[in-house]
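Close look at the chain arrangement
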Amino acid sequence: MARLSNSMWDRYKYKVNGLVLILSCFFLYKNLFPQFPDAWSTKSIGSFEVTPMPYNLNSPYMHDGTYTKDFLLLFSQGEVADIRQAYFNIGAAPLSLADMQDADAGILHGSQHAQEVHAIAPKVIQADHRAWLTIENWQGKLKTVSWAIPKNLHQ
Amino acid sequence: MAKLSNRFWFKLHGLFSLPIWIIFCFVCLTGTISVISHELTWLTNPDSRASNPQQLAEKPKSQLVDIVQNAYPTASISTVMSFESYIANTVIFTDSDKPYAIAYVNQYTGEIQEVIQGLTFKSFMRSLHAWLFFPWQNGYSIGYYLVCFMAFVMLGALVSGLMIYKKFWRSYTQPKLRIHQGKKTFLADLHRLAGVWSMWFLILMSITGLWYLAQAIMWQNDIEIEAHAPVVEVSQLPYGVADVPVRPYSLADAVNIAEQKFPNFKSTYIMLPEHFRDTYKVYGEGDGIFYDQYSYGVTVNPWTGKVESERSPEKMNALQTLSHIANPLHYGNIGGLWTKIIWFIFGALLTGMSITGFLIWGGRTVKAAKDTDNQRSIFSKVPVTHLVQQDGK
């Protein structure tokens, strides 16, 4: 004969099971209707106008040996095809192009409709850090612009 | 070594499967549907079908890209994918009014049959099965771990089930399913019979599940199974030019390079460059039947035509091999539609086993609860003085 147990776990285990599946419905809804943090201010850089938006307010994460923070960059002016290479990094100063172009960390990618970037970031974002966009065009001209980082991203 | 009792194995069997019975059943069910998700799409959506009444030859992927580009001149195409021969190719793109769009393009006629935005049935089912839609953060999803944990459940239930069911091999030669001796006997026979006949499937699902768990741990700890495709050296890009340069090597060239490199190569997954230092990524299937449809391929430098990296079963290490054979073994697409049907049947059996197992346990528990209630009601009718006298004996 089966033995009955009346522990807390025994009483609620199937309800916990069901709750996990209800959570799936909740996460599906969140997936279909994602909420993103506010976009930052639009700034001009050479012939381009760019608006960055972080994907979330989480701390930078480790990816391929580099701390990384993901952004979407909308180009409201200028053709993305005119960019030879462009990089985004967070820190006290922009990283030099010579350093960044050795690999692909922090490189802008995507289409003319939206660019994405896994920005090179420090492990901890501090108040004196800024976000730096460096663009090189086909004529070899280099431009850099920066944004102050909102307080909700400081740790 | 002390011999473990049947009661112990029985209790262990219940411990493995019962506490998370609902999730286990759900994961089995969604996995079973996922196996035939392409075919269900084919059945329910005529636009997803690659009908070919005129027996035309399949068009190259580069031509499908041109067809979509001509139809949507402002589109930016990122990916081309192909599946079974009866399912239309998908071309993924973004456009000024479409943040993410999938075009079903008939690979024989070149007709764009439908453009959809959002989640497809196949993506929905596979995401639901693999990580229950729990969010991903920093390379891991709690849902993914939860599903992987089912591998332990399945393995534990299988081993303990076989310890309970002595001489289980008789089910192969003398299968027993008593349908006229009551519900309890029928369910027990069905559970045991399905379990023994699905043994190979349970082992396969457990092993691939354990691999997915190992893979998840590696993802979370940033351990790369396959190295990222290298980027083009910046020195290879034109410099100081007035206009946007055109890449000398096209997608068609990249596919040709892959086809020359691997015998019987069929491209199934192509990614176009996402920036000017990016490469063409051409992956596909070749001669190895146990390997997935991304096991062969090259990344091609669009400025020099050089193969920057190469992938094939012969060059894979042990982890890479596991990552490329796990999916065909888990989803049963090693031999096309027929193996998918076999996997679907055994997936349905496994889902059914989780239900019959619960019903068997439920029946016993309800009976035990009733017996306890009956005992309580008998004792409640006996005078207290009598009970004290009984105790004092």
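Structure: see above.
Below is a summary of the structure that appears in this document. (Residues numbered from 1 in each chain as written. Chains lettered and ligands numbered in written order. Predicted model: local features only at pLDDT ≥ 70, side-chain atom pairs only at ≥ 80, totals over all residues. Heavy atoms only, no water.)

1. What to know about the overall build of chain B
On a plain count of helices and strands, chain B comes out with 13 helices and 10 strands. In terms of overall dimensions, chain B is more spread out than a globule: its C-alpha atoms have a radius of gyration of 28 Å, far above the 21 Å expected for 393 residues. Overall, the C-alpha framework of chain B stretches about 110 × 50 × 45 Å when taken along its three principal axes. Here chain B, with 393 residues, has 46% of them falling under the buried criterion. The long-range share in chain B, meaning contacts at least 24 apart out of those at least 6 apart in sequence, stands at 60%. Accessible surface for chain B amounts to roughly 20400 Å². Of this, 63% is attributable to carbon and sulfur atoms. Both charge centroids of chain B, one from 32 positive and one from 28 negative side chains, sit 22 Å from each other. (Helix = DSSP H or I, 4+ residues; strand = E, 2+ residues; numbered from the N terminus. Rg over C-alpha atoms; globule rule 2.2 N^0.38 Å. Buried < 20%, exposed > 50% of the residue type's maximum accessible area, 1.4 Å probe, protein only. Contact = heavy atoms within 4.5 Å. Areas by Shrake-Rupley, 256 points an atom, 1.4 Å probe, with all protein chains shown as cover. Lys, Arg positive; Asp, Glu negative; His and termini not counted. Charge placed at Lys NZ, Arg CZ, Asp CG, Glu CD.)

2. Looking at the interface of chain B and chain A
Residue-level contacts link 50 residues of chain B with 42 residues of chain A. Taken together, the two surfaces of chain B and chain A that pack against each other cover about 3800 Å², and 62% of this comes from carbon and sulfur. Of all residues in chain B, Phe133, Asp222 and Arg277 of chain B bury the most surface against chain A, accounting for 14% of the area lost on that side. Our count for the chain B to chain A interface comes out at zero salt bridges. For the interface between chain B and chain A, the tally reads 23 residue pairs in polar contact (both at pLDDT 80 or more). Ranked by the residues each element gives to the side of chain B that touches chain A, the list is headed by helix H12 (residues 337–381) of chain B, at eight residues. Residue classes in the side of chain B that touches chain A are distributed as 31 nonpolar, 10 polar and nine charged. (Buried area = accessible area lost by both parts, 1.4 Å probe. Salt bridge = Lys/Arg side-chain N within 4 Å of Asp/Glu carboxyl O. Polar contact = N/O pair within 3.5 Å; in protein donor to acceptor, adjacent residues only side chain to side chain. Nonpolar A, V, L, I, M, F, W, Y, C, P; charged D, E, K, R; others polar.)

3. Some thoughts on a nonpolar patch on the surface
Residues Leu337, Trp338, Ile341, Phe344, Ile345 and Leu349 of chain B make up a contiguous nonpolar surface patch of about 540 Å² in total accessible area. You can see Phe344 of chain B is positioned in helix H12. (Patch = residues over 30% accessible without salt bridge, like charges linked within 9 Å, V, L, I, M, F, W, Y side chains within 5 Å.)

4. Digging into helix H1 (residues 6–17) of chain B
Residues and elements named next belong to chain B. Counted at 1.5 Å a residue, the expected span for H1 with its 12 residues is 16 Å, and the 17 Å between its end C-alpha atoms agrees. Along H1, the residues classified as buried are Trp9, His13, Gly14 and Ser17. Along H1, the residues classed as buried sweep out an arc of 135° about the axis, all on the same side. Set apart from the buried face of H1 by more than 90 degrees, the exposed residues are Arg7, Lys11 and Leu15. (Expected span 1.5 Å × (residues − 1). Arc of directions from axis to C-beta.)

5. Re the sheet that holds strand S9 (residues 296–300) of chain B
Residues and elements named next belong to chain B. Spatially, the eight strands line up as an open sheet ordered S4-S3-S2-S1-S7-S8-S9-S10, and their pairing is antiparallel. In this open sheet, the two strands that pair with only one neighbour each are strand S4 (112–116) and strand S10 (307–311). Direction aside, neighbouring strands of the sheet carry axes that sit 20° apart on average. Note: strand S3 (residues 98–105) against S4, four bridges, orientation antiparallel. From the neighbouring strand, Tyr104 faces S4, where its bridge partner is Glu114. (Pairing = 2+ DSSP bridges. Axes fitted to C-alpha atoms, helices over the stretch in contact; angles between N-to-C directions.)

6. Here's the deal with the nonpolar core
Residues Phe24, Met150, Tyr212 and Trp343 of chain B are the most contacted members of the largest nonpolar core, which totals 42 residues. Among the secondary structure elements, those contributing two or more residues to this core are helix H1 (8–32) of chain A together with helix H2 (21–35), helix H6 (142–164), helix H9 (199–220), helix H11 (318–331) and H12 of chain B. Excluding residues within four positions of it along the chain, Tyr212 of chain B makes contact with Tyr144, Cys148, Ala326, Asn327, His330 and Tyr331 of chain B. Ranked by size, the runner-up nonpolar core spans 25 residues in total, among them Ala101, Ala103, Ala254 and Tyr280 of chain B. (Core = buried A, V, L, I, M, F, W, Y, C linked by side-chain atoms within 4.5 Å.)

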